[in-house]
Structure formats: structure tokens, C-alpha cells
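Observations on the three-dimensional arrangement
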Amino acid sequence: MITGVPDASRAQFQPPNNEAAMTITILQGDSVRAIGQELAKLCAESFDRFDPAYLTGRLAHICDPCAVLARDGGGALTGFKLGYRRGSNLFYSWLGAVHPSARRQGLASALMARQHEWASTAGYLDVETRTRALNTAMIMLNLRAGFVITGFEVDRNAIGVVTQRKRLPSS
């Protein structure tokens, strides 16, 4: 059981192009479930053919969810990384999105780094993620962040999926 981590924490993210700073917040448990519709809305704005029911339906059943959120100065959600516990030592980084207007500013990297810091502090040893094989930008971001490719499969929709894993630093 992961213990000793506060329910929420805040940090600032300053994009390199002098855009307004964003607030990064971490939520856990039911606080994450409570914003499921907001997360689904950002996914629908960020991805082609995203079904909000995929997120909201699954979110109700995952174990110990944790969301790292980025909000602009007006409070609008501009990005997030969402994951959950899979076993006693593995954190699964399930889903993330950055609004198209906030891309190419390092926000995805900042959210990932904050998620990994949190997971390490929470006592997880590894983080794992799966990415569609055609999403080379995410695969490259993961590799730059220290992930290694640990698997490949073709899902039930005939889409190639790459599994990547990273050992977290001990806190």
C-alpha cells in the first residue's frame, strides 16, 4: 500500500516561449474520479476519434488513480498525466493529453517528470506505459525520459502497441 503522500501538491511551470505560467497540481483517488468529465473533454479536444466513455468508464474501476494537472492562469485545464497502481511496486501511466494550443512548450515533459517524482515518493519502483506504435512523438519522449521498450503487440483493433518501462529513482 502506498502511503505518506499528500492528496494534492502544487508547482509552477513556465513555458520557454514566455507564455503565461501554468499551475501543476496533483490529485489522487476520488478527487481524480470527480474530474473525469473534465479530463475526457480535454482528450476529445486533443485526439481524433476519442470516446469520452473510454476514460470515464475505466476511471471508475482503476486502483489508486493519480492525476498530474496543468492549468492556465484562468484555471482552464491545459494538460494532464493520469495513472494508477498496478501491483505493489508498479505505477501504470495510462493516459495523458496536452491541449493543441499548449503543445511544443515542454508541458508533456514537465507533467511526466512531476508524475515520476510523485510515483517515486509514493514508493513505486517502476512506471510502465503503452503507446500506439504510430505515436512516435510519445515513444521518443518516453525514450528521452529513460524508458526502455519492453514489448510490442497488435491489439484487437489491429493497432500496434508499444510497451515501455522505466525504473524510478528511489526517494
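Our structure is the block above this text.
Residues numbered from 1 in each chain as written. Predicted model: local features only at pLDDT ≥ 70, side-chain atom pairs only at ≥ 80, totals over all residues. Heavy atoms only, no water.

Quick look at the packing of aromatic side chains
For the coordinates displayed, the defined rule picks out eight aromatic pairs. When the ring of Phe-47 is compared with that of Phe-50, the centres are 6.1 Å apart and the planes differ by 45 degrees; the resulting orientation is tilted. Accessibility expressed as a relative area gives 17% for Phe-50, which makes it buried. Relative to Tyr-124, the ring of Trp-118 has its centre 6.0 Å away and its plane inclined at 40 degrees; by these criteria the two rings are tilted. In this structure, Trp-118 and Tyr-124 share a single accessibility class: buried. In textbook terms, an aromatic cluster arises when at least three aromatic residues are bridged by ring pairs, as seen for Phe-47, Phe-50, Tyr-54, Tyr-84, Tyr-92 and Trp-94. Note that Arg-86 overlies the ring of Tyr-92, its terminal NZ or CZ placed 4.0 Å from the centroid. (Phe/Tyr/Trp six-rings, centres within 6.5 Å; stacked < 30°, edge-to-face > 60°. Buried < 20%, exposed > 50% of the residue type's maximum accessible area, 1.4 Å probe, protein only. Lys NZ or Arg CZ within 6 Å of the ring centre and 35° of its normal.)

Concerning unusual backbone geometry
Its identity is not glycine, yet Asp-64 carries a phi of approximately 50 degrees, on the positive side. Structurally, Asp-64 is set in the loop between helix H3 (52-59) and strand E3 (66-71). In this model, Arg-104 sits at a positive phi of 65 degrees, which is unusual for a non-glycine residue. Looking at where Arg-104 falls in the secondary structure, it is placed in the loop between strand E5 (90-98) and helix H4 (107-121). Accessibility expressed as a relative area gives 85% for Arg-104, which makes it exposed. (Helix = DSSP H or I, 4+ residues; strand = E, 2+ residues; numbered from the N terminus.)

Focus on helix H5 (residues 136-144)
The set of residues buried in H5 consists of Ile-139, Leu-141 and Asn-142. Looking down the long axis of H5, one finds its buried residues gathered within 160 degrees of arc, a one-sided arrangement. Turned more than 90 degrees away from the buried face of H5 sit Thr-136, Ala-137 and Arg-144, all of them exposed. Those residues of H5 that are buried lie in contact with H4, strand E6 (126-132) and strand E8 (160-167). (Arc of directions from axis to C-beta. Contact = heavy atoms within 4.5 Å.)

Considerations on the side chain of Lys-166
In this fold, Lys-166 is placed in strand E8. Of the buried charged residues, Lys-166 lacks a salt bridge, with Glu-117 as the closest side chain of opposite charge at 9.2 Å. Reaching out from Lys-166, the side chain makes a polar contact with the backbone oxygen of Ala-145 at a distance of 2.9 Å. When residues no more than four places from it in sequence are discounted, the contact partners of Lys-166 are His-116, Leu-125, Asp-126, Val-127, Ala-145, Gly-146 and Phe-147. (Lys, Arg positive; Asp, Glu negative; His and termini not counted. Salt bridge = Lys/Arg side-chain N within 4 Å of Asp/Glu carboxyl O. Polar contact = N/O pair within 3.5 Å; in protein donor to acceptor, adjacent residues only side chain to side chain.)

Quick word on the nonpolar core
In this structure, Phe-91, Leu-107, Leu-111, Trp-118 and Tyr-124 are the most contacted members of the largest nonpolar core, which totals 21 residues. Going through the elements one at a time, strand E2 (22-28), E3, E5 and H4 are the ones with two or more residues in this core. Broken down by element, this core gets its largest block of residues, six residues, from H4. Discounting chain neighbours no more than four positions away, the residues touching Leu-111 are Ile-24, Val-68, Leu-69, Ala-70, Gly-79, Phe-80, Lys-81 and Val-98. (Core = buried A, V, L, I, M, F, W, Y, C linked by side-chain atoms within 4.5 Å.)

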